[in-house]
Protein chains: 2
Amino acid sequence: MATIRKIAEKAKVSIATVSRALNDDPKVTEETKKLILQIANELNYKPNIVARNFAKKTSNIIGLILPDITDEFFSELIKGVDEVTYQHNYFTMVISSHRYLQLENTLSSVLRNGLLGGLILLVPNISISLKNILSQTKIPFVLISGGMSSTNYDVVSVDNYQGAYDMTNYLIKKCGYTKIAHITGPTDNDDAKIRVKAFKDACLENTISIQKNFIVKGDFTRESGLKSGMELMSMKNKPEVIFAANDMMALGCYDAAFKKGLNIPDDIAIVGFDDIFVSQYLNPPLTTVKAQIEDEGKKAAELLIEKIKSKISVNNKPKKIKIATELVIRNSTKNIK
Amino acid sequence: MATIRKIAEKAKVSIATVSRALNDDPKVTEETKKLILQIANELNYKPNIVARNFAKKTSNIIGLILPDITDEFFSELIKGVDEVTYQHNYFTMVISSHRYLQLENTLSSVLRNGLLGGLILLVPNISISLKNILSQTKIPFVLISGGMSSTNYDVVSVDNYQGAYDMTNYLIKKCGYTKIAHITGPTDNDDAKIRVKAFKDACLENTISIQKNFIVKGDFTRESGLKSGMELMSMKNKPEVIFAANDMMALGCYDAAFKKGLNIPDDIAIVGFDDIFVSQYLNPPLTTVKAQIEDEGKKAAELLIEKIKSKISVNNKPKKIKIATELVIRNSTKNIK
DNA sequence: ATGAAAGCGCTAACAT
DNA sequence: ATGTTAGCGCTTTCAT
């Protein structure tokens with residue numbers, strides 16, 4: 001395997017010059033640079049990245065920590081991240097926070113083993129223990145998380161508020177619904193929290209009163225959608241439409257409607273959030289909120305690399321990037337005005 | 001940041017001893033080992049993996065090279081791989097072979113930059129140029145690929161033959177269809193090739209004659225499924241059932257049936273291969289062939305790690321692992337006997 | 001059982 | 001503009 005030493009010998013220069021030439025140092029003559037590059041090419045030289053990272057005490061590997069679940073949009077997210085890291089000559093390392101190990105453990109080992117030059121962290125919320133760990137690390141990171149609240153971190157997030165707000169508004173203003181239920185996500189999930197908030201705000205601003213029992217708890221799974229959907233559909237005075245905090249739960253509501261023998265949208269309308277692949281194929285196709293997840297990955301990676309490259313401006317204000325959402329109107333709702 | 005040197009000082013031993021203790025070398029006294037471990041713990045020492053890999057000229061990072069497309073099962077595959085690499089103290093690095101760069105370029109840089117200790121490679125087929133590159137590398141690898149033909153490589157593959165054979169058999173024997181069409185995948189895709197082969201074999205063995213124009217080319221996309229489906233459904237003497245080589249194309253056939261005003265399965269039956277998430281939600285739910293993709297990832301990773309750890313037995317026969325498939329009977333076919 | 005020292009391939013002062 | 005050299009943190013001979 002060719003090393004800079006071999007190149008140096010062949011070119012009759014020092015390894016330092018070779019290193020400089022390879023790194024395009026302007027202090028090297030064009031002539032020698034050309035020679036060295038040519039020899040490197042002949043020898044089919046590939047720099048040893050491990051040695052380089054080790055010597056520079058940096059790393060061009062970016063970690064992407066994902067929860068230990070399979071989610072449809074992970075591959076989109078990975079793709080987005082990888083696309084921009086790749087363009088900047090970084091590598092992407094996908095790391096699951098495994099069930100046996102809490103996120104905290106995964107993090108604290110990964111943050112200090114020298115492997116990573118930066119970190120993108122997908123978390124349901126920004127907990128105290130997370131803050132503790134993150135406060136100890138020197139490597140740049142950005143969070144992907146639903147809430148971007150008051151933290152000091154750089155975070156990119158789907159614009160949950162706008163998305164849920166628009167949807168609720170659409171339900172009220174365009175469709176004319178007044179009896180609107182909401183199935184929430186997990187209580188510790190920031191995306192979910194913000195979606196309820198926006199839902200409530202939109203109702204209030206349209207002077208739609210929110211029945212307490214029209215807001216029921218879910219956990220983002222299809223099963224919980226089924227369960228909560230059943231609950232809602234069994235009420236004597238049932239809602240006209242159910243806004244599930246994500247599409248998977250909307251799916252569960254479809255199951256519930258089927259069980260109840262209710263027609264969508266005539267007997268009960270259903271909408272979701274996410275626009276997962278299946279949603280367009282449901283019967284009827286699901287009205288939902290779509291976010292560009294690949295874009296979220298890209299934005300996170302861009303922000304991270306910017307942070308890495310400008311270590312100076314570490315005291316910049318934390319950046320909060322929102323990924324725009326868009327309403328996808330299909331046939332699970334109708335105009336009842 | 002604590003290093004072995006600091007630990008050595010505190011423990012009043014040499015760094016060599018610390019290194020040994022940390023690596024559980026039996027030559028170190030239990031006593032000193034205990035002391036060193038305790039100090040390491042106090043200092044919150046984390047080994048620098050980059051330094052270790054560099055010194056040992058090995059790497060505990062396993063590369064997983066994926067094509068530059070988003071596919072639903074990538075995240076399952078990644079999960080499977082990561083689960084076992086993690087258990088063996090390896091990391092998983094996901095690498096897309098980017099569109100600008102051919103797989104060959106991605107590979108040849110990644111194979112020699114020292115970053116990876118092993119490689120899992122997902123490829124549509126095993127081309128000559130791929131063989132050329134792989135023949136030059138010293139790092140252990142395993143392929144995930146449809147065909148496992150005559151190559152000298154370790155490869156894990158979905159059992160395409162059995163899956164497609166079973167499906168065809170089911171169509172003939174259980175349902176009683178005799179006019180069966182097949183939409184193939186891309187011509188250079190080994191999974192696709194084997195599926196056609198199995199389809200033909202099963203027809204022949206059941207003395208079902210195969211009309212030439214009943215085998216039409218597709219490319220695994222929904223659009224091609226629509227196109228080929230239209231073609232098939234427009235024939236004066238159209239097939240009773242279409243076996244699409246994957247679910248995405250079956251989806252396209254659903255679109256075609258809709259356009260043609262044909263009822264599934266009464267006017268035309270449709271089956272697929274893969275069992276992607278959406279298939280169960282189609283109307284009617286799609287009969288298809290399912291493979292455990294997460295398992296495929298696990299198997300690939302296990303095989304790779306086995307290879308890495310037993311560098312000696314490099315001359316072993318290449319292993320060929322098949323991931324079992326299972327028929328998922330839903331309602332896009334019916335008994336016409 | 002432990003220590004001394006070389007070295008992995010590269011970068012980055014510091015000379016010249 | 002180029003060379004010399006130390007050193008990144010660790011493993012691994014080779015001594016002892």
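Residues numbered from 1 in each chain as written. Chains lettered and ligands numbered in written order. Predicted model: local features only at pLDDT ≥ 70, side-chain atom pairs only at ≥ 80, totals over all residues. Heavy atoms only, no water.

Q: Explain the overall build of chain A here, please?
A: A count of helical and extended segments in chain A gives 12 helices and 12 strands. Projected onto its principal axes, the C-alpha coordinates of chain A cover approximately 90 × 40 × 35 Å. Evaluated residue by residue, chain A yields a buried proportion of 54% over its 337 residues. If you take every contact in chain A between residues at least 6 apart in sequence, the share linking residues at least 24 apart comes to 71%. Per element, the accessible surface of chain A, about 15600 Å² overall, is 52% carbon and sulfur. (Helix = DSSP H or I, 4+ residues; strand = E, 2+ residues; numbered from the N terminus. Buried < 20%, exposed > 50% of the residue type's maximum accessible area, 1.4 Å probe, protein only. Contact = heavy atoms within 4.5 Å. Areas by Shrake-Rupley, 256 points an atom, 1.4 Å probe, with all protein chains shown as cover.)

Q: Got a minute to help me understand the relation of the copies chain A and chain B in this structure?
A: These two copies of the chain differ by a rotation about an axis and a displacement along the same axis. If you rotate chain A by 180° and push it 0.1 Å along the axis, it lands on chain B with an RMSD of 0.1 Å. Each copy turns onto its partner about a two-fold axis. When the interface residues of chain A are mapped onto chain B, 100% of them are again interface residues, pointing to one common binding face. (Least-squares fit on C-alpha atoms with pLDDT ≥ 70 in both.)

Q: Looking at this structure, I do not really get the sheet that holds strand S8 (residues 241-244) of chain B. What am I missing?
A: Consider a sheet: its strands pair through backbone hydrogen bonds, and that pairing is either parallel or antiparallel. Residue and element names in this part refer to chain B. An order of S7-S6-S8-S9 is seen for the four strands of this open sheet, with the pairing classed as parallel. With one partner strand each, in any of the chains shown, strand S7 (215-216) and strand S9 (269-271) form the two edges of the open sheet. Here four bridges tie strand S6 (residues 180-183) to S8, and the two strands are oriented parallel to one another. Residue pairing for S8: alanine 181 is matched across the bridge by isoleucine 242. Packed on one face of the sheet, helix H9 (residues 190-205) meets S6, S7 and S8 and runs near 170° to S6. (Pairing = 2+ DSSP bridges. Axes fitted to C-alpha atoms, helices over the stretch in contact; angles between N-to-C directions.)

Q: Explain the protein's contact with DNA strand C to me, please; I cannot follow it from the model alone.
A: Around DNA strand C, the structure places 28 residues, and the nearest of them are Ser19(A), Tyr45(A), Ser14(B), Thr17(B) and Arg20(B). The share of sugar and phosphate among atoms of DNA strand C within 4 Å of the protein is 64%. Between DNA strand C and Arg20(B), the relevant distance is 2.3 Å, taken from a base oxygen to a side-chain nitrogen or oxygen of the residue. At a separation of 3.0 Å, a phosphate oxygen of DNA strand C approaches a polar side-chain atom of Lys57(B). Of all the elements in the fold, those that place two or more residues in the surface near DNA strand C are helix H2 (15-22) and helix H4 (49-56) of chain A together with helix H2 (15-22) and helix H4 (49-56) of chain B. Broken down by class, the residue content of the surface near DNA strand C amounts to 13 nonpolar, eight polar and seven charged. (Near = heavy atom within 4 Å. Polar contact = N/O pair within 3.5 Å; in protein donor to acceptor, adjacent residues only side chain to side chain. Nonpolar A, V, L, I, M, F, W, Y, C, P; charged D, E, K, R; others polar.)

Q: It is not clear to me how the sheet that holds strand S8 (residues 241-244) of chain A should be interpreted in this structure. Could you clarify?
A: Residue and element names in this part refer to chain A. As summarised here, the arrangement of the four strands in space is S7-S6-S8-S9, forming an open sheet in which the pairing is parallel. Each edge of the open sheet is held by one strand with a lone partner, namely strand S7 (215-216) and strand S9 (269-271). The pairing of strand S6 (residues 180-183) with S7 spans two bridges and is classified as parallel. Considered in S7, the bridge of isoleucine 183 is made with valine 216. Those strands touched by helix H10 (residues 222-233) are S6, S7, S8 and S9, and its axis lies near 155° from that of S6. Helix H11 (residues 247-260) rests against S6, S8 and S9 of the sheet, and its axis sits at about 160° to S9.

Q: Got a minute to help me understand the environment of Asn160(A) in this structure?
A: All names here are of chain A. One can find asparagine 160 in helix H8 (residues 160-175). By relative accessible area, which is 2% here, asparagine 160 ends up buried. Once the C-alpha coordinates of asparagine 160 and phenylalanine 273 are considered, the two residues, 113 residues apart in sequence, prove to be 9.1 Å apart. Looking at asparagine 160, its side chain comes within polar contact range of the side chain of aspartate 191, at 2.9 Å. Side chain to side chain, asparagine 160 and arginine 195 meet in a polar contact 2.8 Å long.

Q: Just to check I follow, could you spell out the protein's contact with DNA strand D for this structure?
A: Around DNA strand D, the structure places 28 residues, and the nearest of them are Ser14(A), Thr17(A), Arg20(A), Ser19(B) and Tyr45(B). Contacts to DNA strand D include Ile4(B), whose backbone N or O atom sits 2.7 Å from a phosphate oxygen. In this structure, a base oxygen belonging to DNA strand D sits 3.2 Å away from a side-chain N or O atom of Arg20(B). For the surface near DNA strand D, the secondary-structure elements that each account for two or more residues are H2 and H4 of chain A together with H2 and H4 of chain B. At five residues, H4(B) tops the list of elements feeding residues into the surface near DNA strand D. Among the residues forming the surface near DNA strand D, the class breakdown is 13 nonpolar, eight polar and seven charged.

Q: Sorry if this is basic, but what is going on with the domain arrangement of chain A here?
A: Interfaces are often sized by the amount of accessible area the parts lose when they come together. Each assigned domain of chain A is listed with its residue range as follows: domain 1 (4-43), domain 2 (60-158 + 293-322) and domain 3 (160-291). Each of domain 1 of chain A and domain 3 of chain A was reduced to a C-alpha centroid, and the two centroids are 64 Å apart. (Domains from an automatic or database assignment.)

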